[in-house]
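Descriptive structure summary
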Amino acid sequence: AIALAGIAAVLVPVLAVLRDPHRLMRAEFVRERIAAGFGLRQATIDGRRWCYVERAAATPGAPTLVMVHGYTGSKENWYRLCAKLGRRYRLVVPDLPGWGDSQREAGADYGFAAQAGNIAAFLRHLGGGPVVLLGHSMGGGIAALVAARYPDLVAKLALLDAAGVEFAENAFGLEVLAGGNPFAVEDAGSLERYLGVIFHDPGARPPLPWPGSWAYVHWRRREAAFEQSVLERIGRSDERFLPWQEAGRIRQPTLLLWGVHDRVIDPSAMALYAQRIPHARTCLLQHSGHMTLMEEAGAVAR
């Protein structure tokens, strides 16, 4: 009986993970969140369930920084940067609707314009006045639209390797225009390709030892149709350059941050955004690719 109980104690969690590989990833995310000192929050805003994390500042009245993740990303992408920022700010990091642990609705629009409206509703829910809004990649395009369309909600803006702008031709952009998904992950080989495209520094990649790599591949396979539908909106529809087109309306002080080795959004995009945004300051990081927030978290924080 003891032996059978021991076998069951091992098999039950194994079977649970086999049934839902993302369970293993969620367990790791919980560990990372606790280590980073974040509290988990949920809110229903305009009938939509949001999941986000929040960490208070050391002093009352400190600025609030809200961070918007990119395509195929989640709130966990920001944890390295958050560690470098310390307790100087109140930090709020949501999963965008459709992504991570926030609600996904079949057939909903998750393009730039729709998500900008979602973020605006989220910022109103937070209250406390205008925030410092940070956006990475797709989240950068969303953040740019929020600043342009809802200026009362954003005091300052930071765009990291932001999408939503035309840039010098590269392999990533050509594959998107041809109808593919360069970020697709279906097996170990495509996982290696994906990580190689977004990270310049292999040492900066998040550790994915087995069975974490297996769980991640299975989860991304399950996400493939959703990812393609979003890419259709932000990469191939008539709104793919909408953030850049409206960037001339951004009046907030803005930091544009790019990795010089970015193979996703070519660094030429930074100058194009800067031409449109009157109060833009640019910074080109020399040791990172697309994932500046993880590859050079200390430099980004400074």
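Residues numbered from 1 in each chain as written. Predicted model: local features only at pLDDT ≥ 70, side-chain atom pairs only at ≥ 80, totals over all residues. Heavy atoms only, no water.

For the rest of this paragraph, the subject is the sheet that holds strand β8 (residues 280-285). Ordered in space as β1-β2-β4-β3-β5-β6-β7-β8, the 8 strands form an open sheet in which the pairing is mixed. In the strand order of this sheet, the two ends are held by β1 (39-45) and β8, each with one partner. Strand after strand, the sheet turns through a mean of 20° between neighbouring axes, direction not considered. Here 6 bridges tie strand β7 (residues 254-259) to β8, and the two strands are oriented parallel to one another. Counted as the bridge partner of Gly 259 is Leu 285 from β8. Sheet strands touched by helix α5 (residues 138-149): β3 (64-68), β5 (131-136) and β6 (154-160). Its angle to β5, the strand with the most contacts, is close to 145°. (Pairing = 2+ DSSP bridges. Helix = DSSP H or I, 4+ residues; strand = E, 2+ residues; numbered from the N terminus. Axes fitted to C-alpha atoms, helices over the stretch in contact; angles between N-to-C directions. Contact = heavy atoms within 4.5 Å.)

Take the environment of Ser 268 next. Here Ser 268 is to be found in helix α10 (residues 268-276). For Ser 268, a relative accessible area of 26% translates into the label partly exposed. Residues Ser 268 and Phe 167 lie 101 residues apart in sequence; the distance between their C-alpha atoms is 5.7 Å. In this structure Ser 268 touches Phe 167 and Ala 168, once residues within four positions along its chain are discounted. (Buried < 20%, exposed > 50% of the residue type's maximum accessible area, 1.4 Å probe, protein only.)

A separate point is unusual backbone geometry. Residue Pro 211 is reached from Trp 210 by a cis peptide bond, and omega for that bond is 10°. Its location among the elements puts Pro 211 in the loop between α7 (188-198) and α8 (212-236). Its identity is not glycine, yet Ser 137 carries a phi of approximately 55°, on the positive side. Residue placement: Ser 137 occurs in the loop between β5 and α5. One non-glycine residue, Asp 161, lies in the positive phi region at around 45°.

Quick look at the pairing of strand β4 (residues 90-94) now. For a regular strand, the rule is simple: side chains alternate between the two faces of the sheet. Of all 5 residues in β4, 4 are buried; the element is thus mostly enclosed. Summarising the sheet, strand β2 (residues 48-55) and β4 pair through 4 bridges and their orientation is antiparallel. The residue bridging Glu 54 from the neighbouring strand is Val 92, located in β4. Bridge analysis of β3 against β4 gives 3 bridges, and the strand direction is parallel. Within the sheet, the bridge partner assigned to Thr 64 lies in β4 and is Arg 90. Note that the unit made of β3, helix α3 (residues 79-85) and β4 has a crossover that is right-handed. (Right-handed = clockwise from strand over helix to strand, strands pointing away.)

This brings us to the state of the cysteines. Overall, the coordinates contain 0 disulfides when judged by the stated rule. With no disulfide partner, Cys 51 has as its closest neighbouring cysteine sulfur the one in Cys 82, 14 Å distant. (Disulfide = S-S within 2.5 Å.)

Here we come to the packing of aromatic side chains. With the rule as written, the count across this model stands at 10 aromatic pairs. With a centroid separation of 4.7 Å and an interplanar angle of 20°, the aromatic rings of Trp 50 and Phe 122 are classed as stacked. With Trp 50 in strand β2 and Phe 122 in helix α4 (residues 112-126), this pair connects stretches of sequence that are 72 residues apart. Positioned above the aromatic ring of Phe 226 is the side chain of Arg 104, whose terminal nitrogen or guanidinium carbon lies 3.6 Å from the ring centre. The ring centre of Trp 244 lies 3.8 Å from the NZ or CZ of Arg 276, which sits over that ring. (Phe/Tyr/Trp six-rings, centres within 6.5 Å; stacked < 30°, edge-to-face > 60°. Lys NZ or Arg CZ within 6 Å of the ring centre and 35° of its normal.)

Attention now moves to the pattern of salt bridges. By the definition in use, this model includes 16 salt bridges. Between Arg 149 and Glu 246 there is a salt bridge whose closest N-O contact spans 2.8 Å. Of the two residues, Arg 149 sits in helix α5 while Glu 246 sits in the loop between α9 (242-245) and β7, which places them 97 residues apart along the sequence. Linked by salt bridges that have partners in common, Lys 75, Glu 76, Asp 95 and Asp 101 make up one network. (Salt bridge = Lys/Arg side-chain N within 4 Å of Asp/Glu carboxyl O.)

Approximately 920 Å³ is the volume found for the largest pocket. Lining the largest pocket are 39 residues, and of these Phe 29, Glu 32, Glu 76, Asn 77 and Pro 206 sit closest to its centre. Mapped onto the lining of the largest pocket, the elements with two or more residues apiece are α2 (22-36), α3, α7 and α8. The dominant element in the lining of the largest pocket, judged by the number of residues it contributes, is α2, at 9 residues. A class-by-class count of the residues in the lining of the largest pocket yields 20 nonpolar, 11 polar and 8 charged. Each pocket or cavity is described by its volume, and for the second largest pocket that value is around 550 Å³. Lining the second largest pocket are 23 residues, with Val 132, Ala 158, Leu 255, Arg 281 and Ala 301 positioned closest to its centre. At the level of secondary structure, the elements contributing two or more residues to the lining of the second largest pocket comprise α3, β5, β6, β7, β8 and α12 (297-301). Sorting elements by how many residues they give to the lining of the second largest pocket places β6 first, with 4 residues. Grouping the constituent residues of the lining of the second largest pocket by class yields 17 nonpolar, 2 polar and 4 charged. (1 Å grid on protein atoms, 1.4 Å probe; cavity = no way out; pocket = protein on both sides within 12 Å on 5 of 7 lines; lining within 4 Å. Points joined across faces, edges and corners; volume = space filled by probe spheres on them. Nonpolar A, V, L, I, M, F, W, Y, C, P; charged D, E, K, R; others polar.)

From the geometry alone we can't say anything about function, so treat these as descriptive.
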